[in-house]
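Fold and geometry: a report
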Amino acid sequence: MKSDTAVELLAALAQETRLAIFRLLVQRGPEGLCAGDIQTRLKLAPATLSFHLKGLSDAGLLRARPHGRFIHYAPDFKVMNTLLSYLTEK
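Here is a short report on the structure shown in this document. Keep in mind that what you see is a predicted model, and the values were worked out from it rather than measured.

All right, on to the pairing of strand E3 (residues 70–75) then. Across 2 bridges, strand E1 (residues 33–34) lies against E3 in antiparallel orientation. By the bridge assignment for E3, Cys34 is matched with His72. Bridge analysis of strand E2 (residues 62–67) against E3 gives 6 bridges, and the strand direction is antiparallel. If you follow Leu62 over to E3, its bridge partner there is Pro75.

Shown next as structure tokens:
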């Protein structure tokens, strides 16, 4: 991983709401949650949630998949683990 990529990923997480969303989804696992469930659990306004989901998705930390009328969001564990490896490599 290049350092500029790591900076971009860390910048996406360097905000309280985005970090809370990402942590919730990591805890949920690969199946993720639909946007409405994220909104309910974190008590976020729809526009606020959309803004932060877009930021995390644009950075490559989340994957969105349609499921009927809903969109499910899940962390991209490969990207997350690559970032963690980069941060801990000697």
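After presenting the structure, the write-up continues.
Time to look at the side chain of His52. Within the secondary structure layout, His52 lies in helix H4 (residues 46–59). Since its relative accessible area comes to 7%, His52 is described here as buried. Residues within four places of His52 in sequence aside, it is in contact with Gln15, Thr17, Arg18 and Ile21.

How each quantity is defined
- Residues numbered from 1 in each chain as written.
- Predicted model: local features only at pLDDT ≥ 70, side-chain atom pairs only at ≥ 80, totals over all residues.
- Heavy atoms only, no water.
- Pairing = 2+ DSSP bridges.
- Helix = DSSP H or I, 4+ residues; strand = E, 2+ residues; numbered from the N terminus.
- Buried < 20%, exposed > 50% of the residue type's maximum accessible area, 1.4 Å probe, protein only.
- Contact = heavy atoms within 4.5 Å.

Coordinates in, geometry out; function isn't part of it.
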